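Chains, contacts and geometry: an overview
Take a look at the letters that make up each chain.
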Amino acid sequence: SALAILVSNTPSSLISDIKAAPHPLEIQLDHPLSEVPVGQRAVFSIHVFAEFQGEDGPCENVVRATHNNQSIGVSVIGPIDYSATTQAFAAPEIGLHSFSATLSVRSKAQGDRLRDAIQSAMARRAVAIQRRDESVDLAAKAYFQKQIEDLGLLTDELYRQLEVSLLNVANETLQFRVISG
């Protein structure tokens with residue numbers, strides 16, 4: 001049986017919420033004067049100052065970050081607080097750096113439905129893999145292999161829908177300097 005997922009367009013009420021929140025994102029660096037000595041890491045606190053509502057209820061925040069245009073992991077501290085940490089800086093990295101954070105939102109209900117569908121497809125794929133591996137019949141192996149491939153494609157599409165359902169709300173950049181220790 002096929003899973004059907006509907007991705008809705010951005011509701012106009014959400015767009016008006018975004019326009020009403022001119023600065024919904026703030027970045028803070030854990031070093032004074034925005035200077036990080038060689039041998040230390042830069043720890044960024046990211047705070048979201050707005051909550052967004054869609055037509056089907058609350059939205060979920062997705063915060064992503066980059067350091068000098070390279071993706072950096074973001075940890076969720078709480079519903080509106082996030083953190084990101086660089087690697088320790090080396091002497092060749094002395095100079096100006098940039099850290100950027102992006103806040104995107106999507107319908108929490110829609111995100112939950114997509115994640116549930118992804119979990120379901122992955123569980124069905126795991127069962128198909130097990131059945132394929134246990135089967136001695138070549139026709140059955142081919143059937144399960146086709147199911148595995150189809151469920152892999154479905155999972156990829158669900159992840160794609162999860163990604164395209166995001167609406168970019170804010171981008172903030174903080175410049176900092178790495179200095180000799």
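Quick caveat: nothing in here was measured; it's all calculated off a predicted structure.

Now for the overall build of the protein. For the protein, the count of helices and strands is 3 helices and 10 strands. The order of α-helices and β-strands along the protein, N terminus first, is α-β-β-β-β-β-β-β-β-β-α-α-β. The buried share of the protein, taken over its 181 residues, is 37%. Taking the contacts inside the protein whose residues are at least 6 apart along the sequence as the reference set, 76% of them involve residues at least 24 apart. Summing over all exposed atoms, the protein offers an accessible surface of approximately 10,700 Å²; the carbon and sulfur share of this is 53%.

In this section: the sheet that holds strand β1 (residues 25-29). Strand pairing in a sheet relies on backbone hydrogen bonds, with the paired strands running either antiparallel or parallel. Taken together, the 4 strands give an open sheet; going across it, the order is β1-β3-β8-β7, and neighbouring strands pair in antiparallel fashion. Both outer strands of the open sheet, β1 and β7 (75-78), are each paired with one neighbouring strand and no more. Neighbour-to-neighbour, the strand axes of the sheet open up by a mean angle of 25°, direction not taken into account. As defined by bridge partners, β7 adjoins strand β8 (residues 81-85) across 3 bridges and the pair is classed as antiparallel.

The subject of this paragraph is helix α2 (residues 108-134). The terminal C-alpha atoms of α2 lie 39 Å apart, and with 27 residues this matches the ideal 39 Å at 1.5 Å per residue to within 8%. By the burial criterion, the buried members of α2 are Gln-110, Gly-111, Leu-114, Ala-117, Ile-118, Ala-121 and Ala-128. On the buried face of α2, the contacting elements are β5 (57-67), β9 (95-107) and α3 (138-164). In this structure Ser-107 caps α2, since a side-chain oxygen of it lies 3.4 Å from the backbone nitrogen of Ala-109.

Under the counting rule described, the total for this entry stands at 4 aromatic pairs. Aromatic pair Tyr-143 and Phe-144: ring centres 5.4 Å apart, planes at 65°, arrangement edge-to-face. Residue Phe-144 is classed as buried on the basis of its relative accessible area, which comes to 13%. One aromatic cluster in this structure is built from Phe-44, Phe-89, Phe-99 and Phe-176.

Across all of its chains, the model carries 8 salt bridges by this definition. Among the ionic pairs, Arg-64 bridges to Glu-163, the shortest N-O distance being 2.7 Å. Note that Arg-64 is positioned in strand β5 and Glu-163 in helix α3, a separation of 99 residues in sequence. Judged by its relative accessible area of 42%, Arg-64 is partly exposed. By relative accessible area, which is 40% here, Glu-163 ends up partly exposed. As a salt-bridge pair, Lys-108 and Asp-112 come within 2.9 Å of each other at their nearest N and O atoms. With Lys-108 and Asp-112 both in helix α2 and 4 residues apart, the pair spans about one turn of that helix.

The next subject is the layout of surface pockets. In this model, the second largest pocket occupies a volume close to 180 Å³. Taken together, Ala-50, Glu-51, Phe-52, Gln-53, Pro-58, Cys-59, Glu-60, Asn-61, Pro-79, Ile-80 and Tyr-82 make up the lining of the second largest pocket. Looking at which element gives the most residues to the lining of the second largest pocket, the answer is β5, with 4 residues.

What follows deals with the nonpolar core. Counting residues in hydrophobic clusters, the biggest one holds 26 residues, and the most contacted among them are Phe-44, Phe-99, Leu-103 and Phe-176. For this core, the elements supplying multiple residues, two or more each, are β1, β3 (43-48), β5, β8, β9 and β10 (167-179). With 5 residues, β10 is the single largest residue contributor to this core. Ignoring any residue separated from it by four or fewer positions in sequence, one finds Phe-176 in contact with Leu-29, Ser-34, Val-36, Ala-42, Phe-44, His-67, Phe-89, Gly-95, Leu-96, His-97, Ser-98 and Phe-99. Among the nonpolar cores identified, the runner-up in size contains 5 residues, and Leu-114, Ala-117, Leu-158 and Leu-162 belong to it.

Definitions and limits used
- Residues numbered from 1 in each chain as written.
- Predicted model: local features only at pLDDT ≥ 70, side-chain atom pairs only at ≥ 80, totals over all residues.
- Heavy atoms only, no water.
- Helix = DSSP H or I, 4+ residues; strand = E, 2+ residues; numbered from the N terminus.
- Buried < 20%, exposed > 50% of the residue type's maximum accessible area, 1.4 Å probe, protein only.
- Contact = heavy atoms within 4.5 Å.
- Areas by Shrake-Rupley, 256 points an atom, 1.4 Å probe, with all protein chains shown as cover.
- Pairing = 2+ DSSP bridges.
- Axes fitted to C-alpha atoms, helices over the stretch in contact; angles between N-to-C directions.
- Expected span 1.5 Å × (residues − 1).
- Polar contact = N/O pair within 3.5 Å; in protein donor to acceptor, adjacent residues only side chain to side chain.
- Phe/Tyr/Trp six-rings, centres within 6.5 Å; stacked < 30°, edge-to-face > 60°.
- Salt bridge = Lys/Arg side-chain N within 4 Å of Asp/Glu carboxyl O.
- 1 Å grid on protein atoms, 1.4 Å probe; cavity = no way out; pocket = protein on both sides within 12 Å on 5 of 7 lines; lining within 4 Å.
- Points joined across faces, edges and corners; volume = space filled by probe spheres on them.
- Core = buried A, V, L, I, M, F, W, Y, C linked by side-chain atoms within 4.5 Å.

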